[in-house]
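Single-letter residue listing:
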Amino acid sequence: MLASIQDLDGALQSPITGEALKFENGRVSRRTSVGGSEPCDFPVARGKPVLIDFANSVIRREDLETTGAESAIERPRYSFATKLIKSLLSPEKKSTRRNVCRLISELKRRSDRPRVLVIGGGSEGQGMKALYVDPDVEIFAFDIYSTPQVQFVADAHDIPIIDCYFDGVVVQAVLEHVLEPQRVVDEIRRVLKPGGLVYAETPFMQQVHEGAYDFTRFTESGHRYLFRRFALIDSGASGGPGRQLMWAVDYFVRSVFRSRAAGKIAKLAFFWAVYFDAIIPADYAIDGASGVYFLGTKSDQAVGPDAIIAHYGGAQ
């Protein structure tokens, strides 16, 4: 269940200097050596502290303060009819539900009340409901914009949390939107307790989405190497070639007709393609996946170049 910002008391730190911070009475303060506090220059938006090193982020302070930390990307609100259409265009992945259940089970083996950080948690991710409704799991979330789902606003390149604090981290559909994925993964590792868990989903063969805020893609092997300082529990395709075909049809038609609506109509006509993913063998799915996933534990050992070649599990 979703925690509050007060539950992070003693865990917040400056993304610039690493000094201890606290958030109280609607303002961010730094902790002094004598146990008191003094105001510092981090802004507050919609009642949420904004803990970003603006000098080293794609987020500009003036834009954030002007908009009140609204998302730079339009986030549509869906009616019943549009939700139904969306469920056909982007059906929930069974692999995500399965992996989240496994993540919860692994977390509870390590702690009676695990703390989980959701990076990019401005909205509840697809297939994540089981994590959010579990009464024994404390959910902390941040994003680069403010919503009721987050406790603070931050840039994942510099997570404003002390070392070794969380039992688990979820980073779903985020790593394609950061400039330096390895730096973000290193930050994930830093804030995890020894043996802590990470669950990641990242696109492989998807076209550009979210415009200027889209930078990177990963094969399943490349994704594994990104998390090379984690021990593998499981990895594979998250959305197979059928889902990818829907994406390809959408972007082909929208490109030909210069129309996003035309692309969505064409994608809807191919909604059936995603159901073929259920019968495509895992090795073929890996080579043509829409996205990939990784579930692993923080480790002191790193996967080397030779091991990553041996890791490949595709059909070629």
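No experiment lies behind these values; they were computed from the predicted model shown.

Peer 1: Explain the nonpolar core to me, please; I cannot follow it from the model alone.
Peer 2: The nonpolar side chains of a soluble globular protein tend to be buried with one another. If you look at the biggest cluster of nonpolar residues, it comprises 39 residues, and the most contacted ones within it are Leu 8, Leu 117, Ile 119, Ile 161, Phe 166, Ile 188 and Phe 227. The set of elements that each furnish at least two residues to this core consists of β1 (21-24), β6 (115-119), β7 (138-143), β8 (152-154), β9 (166-172), α5 (181-191) and β10 (192-203). With 4 residues, the top contributor of residues to this core is α5. Ignoring anything within four residues of it in the chain, the contact list for Ile 119 reads Phe 142, Ala 156, Ile 159, Val 169, Val 170, Val 171, Gln 172, Val 174 and Ile 188. With 18 residues, the next largest nonpolar core counts Val 118, Met 128, Ala 141 and Val 150 among its residues.

Peer 1: Before we go on, may I ask you to explain helix α8 (residues 260-269) in this structure?
Peer 2: Along an α-helix, residues three or four positions apart point the same way, because every turn accommodates 3.6 residues. Within the sequence span of α8, burial applies to Gly 263, Ala 266 and Lys 267. Axial view of α8: buried residues confined to an arc of 100°, hence all on one face.

Peer 1: Honestly, the UniProt feature "domain: Methyltransferase type" (unreviewed entry) in the protein chain in this entry has me stumped. Any pointers?
Peer 2: Here the UniProt-annotated "domain: Methyltransferase type" (unreviewed entry) positions come out as residues 148-199. Secondary structure across residues 148-199 comprises 21% helix and 35% strand; the distance between its end C-alpha atoms is 23 Å.

Peer 1: So what exactly am I meant to see when it comes to the sheet that holds strand β3 (residues 37-39) here?
Peer 2: Within a beta sheet, neighbouring strands are joined by backbone hydrogen bonds and run either parallel or antiparallel to one another. In space, the 3 strands of this open sheet follow the order β1-β2-β3, with antiparallel pairing throughout. Each edge of the sheet is formed by a strand with only one pairing partner; in this case those strands are β1 and β3. Each neighbouring strand pair of the sheet contributes to a mean axis angle of 40°, computed without reference to strand direction. Across 4 bridges, β1 lies against strand β2 (residues 27-31) in antiparallel orientation. The residue of β2 that forms the bridge with Leu 21 is Arg 30.

Criteria and cut-off values
- Here, residues in each chain are numbered from 1, in the same order as that chain's written sequence.
- The model is predicted, so local features are restricted to residues of pLDDT at least 70 and side-chain atom pairs to those at 80 or more, both for listing and for counting; the totals for chains, interfaces and linings are taken over all residues.
- Values shown for side chains rest on all heavy atoms present in the structure; no hydrogens or waters enter the calculation.
- Definition of nonpolar core: a set of buried residues of the types Ala, Val, Leu, Ile, Met, Phe, Trp, Tyr and Cys, connected through side-chain atoms within 4.5 Å.
- Three labels apply to residues, based on accessible area from a 1.4 Å probe with only protein chains included: buried if under 20% of the type maximum, exposed if over 50%, partly exposed otherwise in between.
- Working definition: helices are DSSP H or I runs of at least four residues, strands are E runs of at least two. Numbering for both runs from the N terminus.
- Contact between two residues is taken to exist if any of their heavy atoms lie within 4.5 Å; hydrogens are not considered.
- This arc describes the spread of directions from the helix axis toward the C-beta atoms.
- UniProt positions are given in the numbering used here, feature names are shortened, and annotations may be inferred rather than shown by experiment.
- Paired strands are those between which DSSP finds at least two bridges.
- Interaxial angles span 0 to 180 degrees and are taken between N-to-C directions of axes, which are lines fitted to C-alpha atoms, for helices over the stretch in contact.

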